[in-house]
Amino acid sequence: MLDKRAYCNLWDRHIFINTTWLGEVHVLSTSLFGQMENTEKSAVADLNNAKQFLKGFGELFYIINPNTTSYSHVENVPNFVLNAWPYFLFFIILENILLWMNKKPTYRLNDSLTSLSIAIVSVTVRLTFRGAESYAYVYLYENYHFVDLPWNHPSTWYMAALGVDFCYYWMHRAAHEVHILWAQHQVHHSSEEFNMVVTLRHSVLHGWCGFLGTSQARLLELKKFGSS
């Protein structure tokens, strides 16, 4: 038989062991739930990143929704060119990998650097004349546009996409057939290679020629950003 003191000590030890065990279980369960919550948040973030990547990839091929890409204010319009750069670099890397796998010559460094240098010069010069382009656009709109279209209607989006693409096609074709236009466009075809980096080659007058070529479609413009 246990005396009263021994029984109390045994009971206290039992309580201590159970309390310690319950504390460890609580800590373990809290840690597991925390890890599960972090894993869930990470999975949601990865899913959102994947959706954003696919959305940006679709923008390269006009796989977009007119309702989500019509903006009431010009400052809300994303920089689509800047957003396309990660995908552009991805395709450059992919192209080199495929060339290497098929045992074909990959990009030549000197040719790629030339394309990049031409692009830098072209963009720098265009920044200088960007204000003149904007002024010409506003002048044409205010004096020669012949219809106002609602900015938030899908038909406006489709007409703008098809109209600008149609005019750009004929401008590009004219750049190959009209001597004065070919004089500036031949820079784009000056490389001995045919790859993704060559698309960076544009003359300093490329922006103006493209602007004049698509201005016919731009005359058919929206009333104003922010109005309906």
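Residues numbered from 1 in each chain as written. Predicted model: local features only at pLDDT ≥ 70, side-chain atom pairs only at ≥ 80, totals over all residues. Heavy atoms only, no water.

- You'll find the protein chain entered in an unreviewed UniProt entry as Fatty acid hydroxylase domain-containing protein, with Photinus pyralis given as the organism.
- Within the UniProt record for the protein chain, the comment given under Subcellular location (unreviewed entry) is "Endomembrane system". (UniProt positions renumbered as here; feature names shortened; annotations may be inferred.)

## A look at the pattern of salt bridges
Alright, step 1. A complete count under the given rule lists 5 salt bridges for this structure.
Alright, step 2. Where Asp 111 meets Arg 108, a salt bridge forms, and the shortest distance between an N and an O atom there is 3.8 Å.
Alright, step 3. According to the relative accessible area criterion, Asp 111 is buried, its value standing at 7%.
Alright, step 4. Of the charged contacts, one joins Glu 192 and Arg 108 as a salt bridge, the two residues approaching to 4.0 Å between their closest N and O atoms. (Salt bridge = Lys/Arg side-chain N within 4 Å of Asp/Glu carboxyl O. Buried < 20%, exposed > 50% of the residue type's maximum accessible area, 1.4 Å probe, protein only.)

## With respect to empty space enclosed by the protein
Alright, step 1. Counted under the stated rule, the structure contains 3 cavities of 30 Å³ or more.
Alright, step 2. One number sums up the size of the second largest cavity: a volume of about 40 Å³.
Alright, step 3. Taken together, Ser 122, Val 125, Arg 126, Phe 129, Glu 133, Ser 203, Val 204, His 206, Gly 207 and Trp 208 make up the full set of residues lining the second largest cavity.
Alright, step 4. For the lining of the second largest cavity, the secondary structure elements donating two or more residues are helix H3 (109–144) and helix H6 (206–218).
Alright, step 5. For the lining of the second largest cavity, a count of residues per class yields 4 nonpolar, 4 polar and 2 charged. (1 Å grid on protein atoms, 1.4 Å probe; cavity = no way out; pocket = protein on both sides within 12 Å on 5 of 7 lines; lining within 4 Å. Points joined across faces, edges and corners; volume = space filled by probe spheres on them. Helix = DSSP H or I, 4+ residues; strand = E, 2+ residues; numbered from the N terminus. Nonpolar A, V, L, I, M, F, W, Y, C, P; charged D, E, K, R; others polar.)

## Quick word on the packing of aromatic side chains
Alright, step 1. Considering all chains together, one arrives at 5 aromatic pairs under this definition.
Alright, step 2. Consider the rings of Trp 157 and Tyr 158, whose centres lie 5.2 Å apart with planes at 85°: the pair is edge-to-face.
Alright, step 3. Residue Tyr 158 is classed as partly exposed on the basis of its relative accessible area of 44%. (Phe/Tyr/Trp six-rings, centres within 6.5 Å; stacked < 30°, edge-to-face > 60°.)

## Description of the UniProt feature "transmembrane region" (unreviewed entry) in the protein chain
Alright, step 1. According to UniProt, the positions carrying the feature "transmembrane region" (unreviewed entry) are residues 84–101.
Alright, step 2. Annotated as residues 84–101, this span is 100% helix and 0% strand, and its ends, taken at the C-alpha atoms, are 26 Å apart.

## Regarding the side chain of Ser 191
Alright, step 1. Within the element layout of this structure, Ser 191 appears in the loop between helix H5 (179–185) and H6.
Alright, step 2. A distance of 2.9 Å separates the side chain of Ser 191 from the backbone nitrogen of Glu 193, its partner in a polar contact.
Alright, step 3. Residue contacts for Ser 191: discarding those within four places in its chain leaves Asp 111, Val 198 and Arg 201. (Polar contact = N/O pair within 3.5 Å; in protein donor to acceptor, adjacent residues only side chain to side chain. Contact = heavy atoms within 4.5 Å.)

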